[in-house]
Amino acid sequence: KAGVTQTPRYLIKTRGQQVTLSCSPISGHRSVSWYQQTPGQGLQFLFEYFSETQRNKGNFPGRFSGRQFSNSRSEMNVSTLELGDSALYLCASSMTNWGYGYTFGSGTRLTVV
Amino acid sequence: SQELEQSPQSLIVQEGKNLTINCTSSKTLYGLYWYKQKYGEGLIFLMMLQKGGEEKSHEKITAKLDEKKQQSSLHITASQPSHAGIYLCGADNQGGSEKLVFGKGTKLTVNP
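Bear in mind that the values here come from a model prediction, so they are computed numbers and not experimental data. (Residues numbered from 1 in each chain as written. Chains lettered and ligands numbered in written order. Predicted model: local features only at pLDDT ≥ 70, side-chain atom pairs only at ≥ 80, totals over all residues. Heavy atoms only, no water.)

Caption draft 1: Inspection of the state of the cysteines at higher detail. Following the criterion strictly, the structure yields two disulfides over all chains and no others. Put simply, A:Cys23 and A:Cys91 are joined by a disulfide, and their sulfur atoms are 1.9 Å apart. Across the S-S bond linking A:Cys23 and A:Cys91, the dihedral sits near 70°, which makes this disulfide right-handed. Taken together, the residues A:Cys23 in strand E3 (residues 19–24) and A:Cys91 in strand E9 (residues 87–94) connect sequence positions 68 residues apart. Given the relative accessible area of 0%, A:Cys91 is considered buried. Each sulfur in the disulfide pair B:Cys23 and B:Cys89 lies 2.1 Å from the other. As the torsion about the S-S bond is roughly 75°, the B:Cys23-B:Cys89 disulfide counts as right-handed. With B:Cys23 in strand E3 (residues 19–25) and B:Cys89 in strand E9 (residues 85–92), the pair connects residues that are 66 residues apart, well separated along the chain. (Disulfide = S-S within 2.5 Å. Helix = DSSP H or I, 4+ residues; strand = E, 2+ residues; numbered from the N terminus. Buried < 20%, exposed > 50% of the residue type's maximum accessible area, 1.4 Å probe, protein only.)

Caption draft 2: The interface of chain A and chain B, seen in detail. Listed per partner, the contact involves 22 residues of chain A and 17 residues of chain B. Together chain A and chain B conceal approximately 1600 Å² of surface at their shared face, both sides included; 54% is due to carbon and sulfur atoms. The interface formed by chain A and chain B holds one salt bridge in total. The shortest N-O distance in the salt bridge between B:Glu41 and A:Arg9 comes to 3.5 Å. Applying the counting rule to chain A against chain B returns four residue pairs in polar contact (both at pLDDT 80 or more). Element by element, the count of residues in the side of chain A that touches chain B is highest for strand E5 (residues 42–50) of chain A, at three residues. Its residues placed into classes, the side of chain A that touches chain B shows nine nonpolar, nine polar and four charged. (Contact = heavy atoms within 4.5 Å. Buried area = accessible area lost by both parts, 1.4 Å probe. Salt bridge = Lys/Arg side-chain N within 4 Å of Asp/Glu carboxyl O. Polar contact = N/O pair within 3.5 Å; in protein donor to acceptor, adjacent residues only side chain to side chain. Nonpolar A, V, L, I, M, F, W, Y, C, P; charged D, E, K, R; others polar.)

Caption draft 3: Structural view of the side chain of A:Gln68. Residue and element names in this part refer to chain A. If you trace the backbone, glutamine 68 turns up in strand E7 (residues 64–68). For glutamine 68, a relative accessible area of 6% corresponds to the buried category. At a separation of 3.5 Å, a polar atom in the side chain of glutamine 68 contacts the main-chain amide nitrogen of phenylalanine 50. There is a polar contact of 3.3 Å between the side chain of glutamine 68 and the backbone nitrogen of serine 51.

Right, here's the structure in full:
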């Protein structure tokens, strides 16, 4: 079966712009979580959606937002981009809203210049 | 919330050598996951440990969860260049908002 698909794979944006990243989970998976990965901070949790509802949110500013659609696909948006937002953004899907059974996508590499 | 500390941060070994990566938790581990990541790619699930004293193997990689469930180790036997990458431990978070917390990773280089 198809894995978790993240688009686009690479993105270059200018400071102040906004960006939208997409994540298509494995068919049947209803939970999607987003993580930001940087060399200094490692993997940091952004938010988690389950059945179109945001269940948890990490410690990120309000410029970071997300949503989940009825088909479980999820998008995250970052507005007013800063240089420090440059990172690999990973999404993971699972059937339930537990940690077990996470499958990660290949990520979107965002570079802010 | 829970914190995971991995050691060492990086490791360079000669092909054929054995190596061990450790993951220590600030709280009791109820579910411990090992992932491997190639640079700039997603995380590939290796194995999950839940019970104290549990040990699992996949090909030449063995992971253990200690009896007290606060530390896990990942052991690679007869390393190969294909083992190179970043190894991350993750745990079911106790007392925090996110489902999984991760260590900062161990970068493994295997020289032929």
